[in-house]
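# Structure assessment
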Amino acid sequence: MPKKAKILIVDDDPLNRLVLEKTLGTEHDVFLVESGEKALTFIKLNQVDLIILDVVMPGIDGYEVLVQLKENPITQSIPIVFISANNSHTDEAKGLELGAMDYITKPFNASIVKVRVRNQLLIKQKNDLLEMLASIDGLTEIPNRRYLDENLSREWRRSKRNGSCLSVLLMDIDHFKRYNDCYGHRAGDECLKQVAQALAAQCERSTDFIARYGGEEFAAVLPDVNKQQALAFAQKLRKAVNNLNIEHKASLNADHITISIGIASMENGNASAEQALLEQADLGLYAAKDAGRDQVVALNL
């Protein structure tokens, strides 16, 4: 069964909210709020696929809500359909110029609302697919550096805001240059694929992910995971690669492919920037290599 889209309806008129909920509720998961302020609070805590937004409301009006959403990188891609009793072309043009995807005037026709919402959701689905393809590493088929940077930045901001834990792992295949020199680059590419898939398979939570950091380096972002939990997960990753048992007779530390891992964890939102986490994890990675490779090292921030 296809996943239902999540639609937020923002309107100060309870009758409009009720009618829109009945119009869209059979096909979608519908959420209702009665003010711009409550809409912004809701979106901070929940993901939605589309917003139907009344223009004229007490307090923050629809235009201001739209501006704030478009200024935030996390919410700027959410499609917004304005709904208003004012059928002025000037107001419609203003909404579209600010970034609204469509404009519906009251009183509205239920079938037209359904079609316009469906069209916007289809456009979003296609855009999300293109965005996903742009975020996947072509060789290993796991998230790429772009995806890592964007999502680490988002998770860092969330952790700072909530005072929660966040852990970052940097991993490097040990003596990979020697592997390429010994077995050739085609074998090296196959090795990268196998290691990437083995690492990604260890992520059991939807919030965790492994990305290709560059070359033979990989990274993991683990929201709400403290240092001890990150250490346990890193050992799980290290063992998963060991269990692949990929021959590496040119390695200086084993007869098969191994990885070294550095860990950085922030507790209570204490990291000054997401870059500080990466730098600390990188220091841990170098320490793991200095300790003989096939090691996990976690350094304190």
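The structure displayed is predicted, hence computed values, not measured ones.

With that settled, the discussion passes to the sheet that holds strand 3 (residues 50-54). Across the sheet, 5 strands lie side by side as 2-1-3-4-5; this open sheet has parallel pairing. Edge strands, defined here as strands with exactly one partner in the open sheet, are strand 2 (29-33) and strand 5 (102-105). With strand direction ignored, the average angle separating the axes of adjacent strands in the sheet is 20°. Sheet topology note: the strand 3/strand 4 (residues 80-84) ladder contains 4 bridges and is parallel. Paired with I52 across the two strands is V81, which belongs to strand 4. With respect to the sheet, helix 2 (residues 36-45) is in contact with strand 1 (6-10), strand 2 and strand 3, its orientation differing from that of strand 1 by roughly 160°.

Let's shift gears to the sheet that holds strand 8 (residues 217-223). Overall, mixed pairing links the 5 strands, which are arranged 7-8-6-9-10 in an open sheet. Among the strands making up the open sheet, the edge pair consists of strand 7 (209-214) and strand 10 (296-299). With strand direction ignored, the average angle separating the axes of adjacent strands in the sheet is 20°. Across 4 bridges, the pairing between strand 9 (residues 259-266) and strand 10 is parallel. The residue bridging I263 from the neighbouring strand is A298, located in strand 10.

For any pair of aromatic rings, the description rests on two quantities: the centre-to-centre distance and the angle between the ring planes. A complete count under the given rule lists 6 aromatic pairs for this structure. When the ring of F82 is compared with that of Y103, the centres are 6.4 Å apart and the planes differ by 70°; the resulting orientation is edge-to-face. Pair noted here: F82 is in strand 4 and Y103 is in strand 5, with a separation of 21 residues, a long-range link. An identical accessibility class is assigned to F82 and Y103; each is buried.

Rules used throughout
- Residues numbered from 1 in each chain as written.
- Predicted model: local features only at pLDDT ≥ 70, side-chain atom pairs only at ≥ 80, totals over all residues.
- Heavy atoms only, no water.
- Pairing = 2+ DSSP bridges.
- Helix = DSSP H or I, 4+ residues; strand = E, 2+ residues; numbered from the N terminus.
- Axes fitted to C-alpha atoms, helices over the stretch in contact; angles between N-to-C directions.
- Contact = heavy atoms within 4.5 Å.
- Phe/Tyr/Trp six-rings, centres within 6.5 Å; stacked < 30°, edge-to-face > 60°.
- Buried < 20%, exposed > 50% of the residue type's maximum accessible area, 1.4 Å probe, protein only.

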